[in-house]
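Structural overview
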Amino acid sequence: MKTPLLRLSLIAAALALGGTLPAQAADASTVTIMVGGINKIIYLPAKLTEALGYFKDEGLNVELQSQPAGVDAENQLIAGAVQGVVGFYDHTIDLQAKGKEVEAIAVFGKVPGEVEMVSTKAAPTFKSMADAKGKTLGVTGLGSSTDFLTRYLALRQGVESKEYSLLPVGAGNSFIAAIKQDRIQAGMTTEPTVSQLLKTGDAQVLVDMRTEEGTKAALGGLYPAPSLYVSNAWAESHKEQATKLAHAFAKTMQYLHTHSAEEIADKMPRDYYGNDKAMYVAAIKSSLPMFTTDGRMPEGGPETVLKVLSTFKPQVKAKNIDLSKTYTNAYLPAAK
């Protein structure tokens, strides 16, 4: 058995040559997936698939790791430290513009599931993103999907990036603290943080992208976001694992649409909801409509994402992005 250090050395050597990890250097049944905040409800399918035993049913040994900011999870994939990332689909387009081919092989959400929250203190003079001038806005990390979306929402309201500040504040408790301490006047976050802030009265909803209607109003179309993405080269050289992963997640997406929020919550670790399970159940219930039923890419979604990124990312706008290389339904069960 090769030591972890040797295995990392093999990964680095393979990447340096532009290739992928040799098959003999990794256990064929083991896959490590980095989740961009494992307790976020937008990424609930990752932990739920594990809890339901669907990975094991496919003969896979999947290790889930958590990294609160999606951009950091992306970096772990590029470095070869993990085989997959549960994060936002838009990273696949951004990475292609940088010469890296990464594709989503299972799409969890038709919409971002993100909400721009404004602190109750700032709310009287901050009624839309047009009021973002001179404000500090919270994002999970600079270069993250919340960064992309925040800038686009502001720009659609005529506010340029130079007219406000972005502050990386992470998610969950660190986001809540930033709101309470007035380090940010507004910020983008997900469930269950949204419900926590609404319950305490510390913040209000400014832009809601948990629904198809809200997302279309904010972004001009569907914006597929939470997904499992891997490098195109890895998927091509590990078709069996890619297929098993996609099938496991497809089963989970069906489960989400055939079980109640209460049943889903019962499958999740207690520390995801602490002493307020009712709030967590409500947060899941409000998020269920965002999820796909089969893991497939929604029609027209990639085009909306490309439009958003091209608006303020010169590198994306300058490239002739091939969207067909940023996602595939090929590893999923045949459409019924």
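Residues numbered from 1 in each chain as written. Predicted model: local features only at pLDDT ≥ 70, side-chain atom pairs only at ≥ 80, totals over all residues. Heavy atoms only, no water.

Turning our eyes to something else, we now look at helix α8 (residues 193–200). Listed in full, the buried residues belonging to α8 are T193, V194, S195 and L197. Contacts from the buried residues of α8 go to β5 (114–119), α7 (173–180), β8 (186–189), β9 (203–209) and α13 (277–287). The positive-phi residue at the C-terminal boundary of α8 is G201, with phi of around 80 degrees. (Buried < 20%, exposed > 50% of the residue type's maximum accessible area, 1.4 Å probe, protein only. Helix = DSSP H or I, 4+ residues; strand = E, 2+ residues; numbered from the N terminus. Contact = heavy atoms within 4.5 Å.)

This paragraph deals with the confidence of the model for the protein. In the predicted model, the protein carries a mean pLDDT of 89, and 90% of its residues have values of at least 70. Per-residue pLDDT, averaged within each element of the protein, yields its smallest value for helix α1 (residues 4–16) (42) and its largest for strand β4 (residues 102–107) (98). (pLDDT = per-residue confidence, 0-100.)

With that settled, the discussion passes to the packing of helix α2 (residues 44–51) against helix α11 (residues 239–256). Their axes nearest at 9 Å, the elements α2 and α11 cross at an angle of 100 degrees. By the angle between their directions, the pair α2 and α11 is classed as roughly perpendicular. Residues L44, P45, A46, L48 and T49 of α2 touch α11, and the partners they reach there are A248, F249, T252, M253, Y255 and L256. (Axes fitted to C-alpha atoms, helices over the stretch in contact; angles between N-to-C directions. Parallel < 35°, antiparallel > 145°, perpendicular 65-115°, else oblique.)

What follows is about the packing of helix α6 (residues 145–156) against helix α14 (residues 301–312). Where α6 contacts α14, the axes come no closer than 10 Å and their chain directions differ by 75 degrees. By the angle between their axes, α6 is roughly perpendicular relative to α14. Taking contact as the criterion, the partners of F148, R151, Y152 and L155 in α6 are, on α14, K307, V308, L309, T311 and F312. Across the contact of α6 with α14, the residue classes break down as six nonpolar, one polar and two charged. (Nonpolar A, V, L, I, M, F, W, Y, C, P; charged D, E, K, R; others polar.)

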